[in-house]
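Listed below, chain by chain, are the residues.
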Amino acid sequence: MSDNTQGLTVRSGSQALRSGIELLSSMRFAISLLTVICIASVIGTVLKQHEPAVNYVNQFGPFWAEVFGAIQLNAVYSAWWFLLILAFLVLSTSLCIARNTPKILADLRVYKENIREQSLKAFHHKAEADLADGAEAEARRIGTMLAGGGWKVRLQQRDTSAGPGTGWMVAAKAGAANKLGYIAAHSAIVLVCIGGLLDGDLIVRAQMLWGGKTPYQGGGLIADVKPEHRLSERNPTFRGNLLVAEGTQSSTAILNQSDGVLLQDLPFAIELKKFIVEHYSTGMPKLFASEIVIHDKATGEKTSARVEVNHPASYKGIEIYQSSFDDGGSHLKLRAVPMVAGAKGFDVEGVVGNSTQLTNKGGLPGNDTLTLEFTALRTINVENFAGAGAGETSVDVRKVDLRESVESRLGAANKTVTKKELRNVGPSVTYKLRDAAGQAREFHNYMLPVDTGDGVPVFLMGVRETPSEPFRYLRVPADDKGSMDGFVRMKAALADPAAREEAVRRYVAQAIDPARGDLSGQLQQSASRALSLFAGQGMDNGKPTGGLQAVSDFMEANVPEAERARAGEVLVRILNGTLFELAQLTRQQAGLAPLAQDDQTRGFMTQAVLSLSDAQVYPAPLAFELKDFTQVQASVFQVARAPGKNIVYLGCTLLILGIFAMLYVRERRVWIWIAPQDGRTRATMALSTNRKTMDGDQEFVQLAQKLIGASPRQGTA
């Protein structure tokens, strides 16, 4: 607000106190605080805020995650040091305003009409001319013209210094809003910071510090939470989240803290009547809105409202924003698919967010006990299948298509070189299987078979060990009925020695003439060995192994390297033949017609061989297939009582006005000394401005010609 960076000067007190007040009220201190706030805001923008601690550990490692937590970089805007910096900035800027405002206001009231004639001749913008009438008449004429042009004018009569007679000083000023802009801009900083402090969690922290409120770290029903973890309905400022499922209502918001949550009781309850969501072709939400009813606790009054993104509802000073949406407890019907010998298929029902126990009575092998946690239901899954076709599996690096390369980068901003083929592949379910030790794996299974580009629809069954990993998918081929039953029957038969023996017998009977008994015995032995290895009957360091990997390991151990290629082709042909007969056997036992010898069957069998091989390492005894669901949507609202919002709006308005005034309003002062000299009336004119611009030069030329009829002379500043 001034040209120097010095602060308020105190004459009394100790040296340390005087230095501290001077530093605190100085412009250099305020600028330093603003710099730190800007850096902290950048960190808060780049680093995701209020994420679970495990997310920071997975992304940055345990050391940096601990550092972020110690200095609260994961919650910058509510960190004690950030709030302290804001408080110091408010104090520093307030002192700066208090120090400079009296000077500015005093300067606005004075016209500086006592300036001497010789001083006017030293100005950069100056002009002299002879006038026709007397000094008083010319002074009043010039004053009237300046006042008509929007200038504030003061006339002063005083004796001349060059000789006898009386002269007149015409002093005028314009653009005083420039200095008011300094006051407005600095006041805006104070108001915005105060509004930010009020709408932050400063009041909540004060209640925790002096009011005995503590974060809640347990679980259970909200109604059972004790009062020391609850904030009153009269809490002057808060910002929390509220999840409401369709057909239900809630009146308690959740305020997340670094070491738990606080519950904020509301003076009303929000009932979600209907949740509306629309999607783009990419699967991203285009619109989500909530039809709600607000139930007033005090009066029982019901108020209907619609809440959309950027269109909040307001009730009793509390704003209700549409934040996001979630599952509100959808009902799921799953079917267990056995993945190991001894497991049995069964049906299970559950609600998203709940869990159920699985024991050997329910279909688990042995004495295992697992907890099935129903995590999420997604009804829309849009995936990109571009380049998945047979013709696009490889890229010719020698191809140069300049036209395609240029056009792909012209036009709309959403164009990319990569082509997209977006397709909705239907609903999916996510669940966790947790063992007795508490360790859990996460699974993501699609409800409908998906054609990934090779013409064979497959059921995608994903699994991952930790949330930071991507899902790895087992692709189970769909049979001629579009179900997983064909694969399940083959897997069960593969684990049955009698079924394997019958499949080998059928294969040998079709491949060898019965009269060639010597060849039949050799082929039966080879086929039985290959099928047993594939089924996982071998042992590797005490652990059962199977699939194509087991067949490969057997060949590397027993077949010379020079003969492996030919022997491998023969062994794979035998394995495919026996598995085909195994599939035919399972269909016969199920009362179904045999598989036809066509491309569809060959595609199914190729994928079935790969899936049976990969299923050997599936990390769970059961996989769960989504059979049916009843979706229940939930809306996530952000509820906020923000008394500082209007203060921030006022601060923003003052900031805009202040910056506009400082940038676009020029403060100008004009002096014209009119006095008799050698029998004529002589006028000396000068202009000062706070910024030297071409507009200022042109304005002075026009004023000089208009007021005194002179061409101005440029001097040194």
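Use the structure listed above.
Residues numbered from 1 in each chain as written. Predicted model: local features only at pLDDT ≥ 70, side-chain atom pairs only at ≥ 80, totals over all residues. Heavy atoms only, no water.

Caption draft 1: Representation of the nonpolar core. Ranked by size, the top nonpolar core spans 68 residues in total, and within it Tyr431, Leu433, Leu579, Tyr618 and Phe624 carry the most contacts. It is helix H15 (residues 564–589) that contributes the most residues to this core, eight residues altogether. (Core = buried A, V, L, I, M, F, W, Y, C linked by side-chain atoms within 4.5 Å. Buried < 20%, exposed > 50% of the residue type's maximum accessible area, 1.4 Å probe, protein only. Helix = DSSP H or I, 4+ residues; strand = E, 2+ residues; numbered from the N terminus.)

Caption draft 2: Local environment of the pairing of strand S7 (residues 260–279). When strand S4 (residues 230–231) meets S7, the two strands line up parallel, connected through two bridges. Bridge assignment links leucine 231 to a residue of S7, and that residue is glutamine 264. Pairing analysis gives eight bridges linking strand S6 (residues 249–257) to S7, with the strands arranged antiparallel. Paired with alanine 253 across the two strands is glutamine 264, which belongs to S7. Where S6 folds back onto S7 in an antiparallel hairpin, the turn is made up of two residues. Relative to strand S8 (residues 285–296), S7 is paired through 11 bridges, and the arrangement is antiparallel. Within S8, the residue paired with leucine 272 across the bridge is isoleucine 292. (Pairing = 2+ DSSP bridges.)

Caption draft 3: Spotlight on unusual backbone geometry. One non-glycine residue, lysine 112, lies in the positive phi region at around 55°. Note on placement: lysine 112 falls in the loop between helix H5 (80–109) and helix H6 (117–120). Located in the positive-phi region is lysine 316, a residue other than glycine, with phi close to 55°. Given the relative accessible area of 47%, lysine 316 is considered partly exposed.

Caption draft 4: Focus on the packing of H5 against helix H8 (residues 177–199). Two elements in contact, H5 and H8, have axes whose closest approach is 9 Å; the angle formed by their N-to-C orientations is 155°. As far as their axial angle goes, H8 and H5 are roughly antiparallel. Every pair of crossing elements has a handedness; the one defined by H5 and H8 is left-handed. (Axes fitted to C-alpha atoms, helices over the stretch in contact; angles between N-to-C directions. Parallel < 35°, antiparallel > 145°, perpendicular 65-115°, else oblique. Left-handed = near helix turned anticlockwise from the far one by under 90°.)

Caption draft 5: Examining the packing of helix H12 (residues 497–511) against H15 more closely. In contact at an axis separation of 8 Å, H12 and H15 are set at 115° when each is read in the N-to-C sense. Overall, the two elements H12 and H15 adopt an arrangement that is roughly perpendicular. For H12 against H15, the interelement crossing comes out right-handed. Counting all contacts with H12, which are made through Ala499, Arg500, Glu502, Ala503, Val504, Arg506, Tyr507 and Gln510, the residues of H15 involved are Arg573, Ile574, Gly577, Thr578, Glu581, Leu582, Leu585 and Gln588. (Contact = heavy atoms within 4.5 Å.)

Caption draft 6: How the structure looks around the environment of valine 559. Among the secondary structure elements, valine 559 is positioned in the loop between helix H14 (547–558) and H15. Using a relative accessible area of 18% as the deciding quantity, one classes valine 559 as buried. Once you skip the residues sitting within four places of it in the chain, valine 559 turns out to touch Arg564 and Ala567.

Caption draft 7: Up close: the pairing of strand S1 (residues 125–131). Taking burial as the measure, the seven residues of S1 include five buried ones, the bulk of the element. The pairing of S1 with strand S28 (residues 680–689) spans seven bridges and is antiparallel. Bridge pairing in S28 places aspartate 130 opposite arginine 682.

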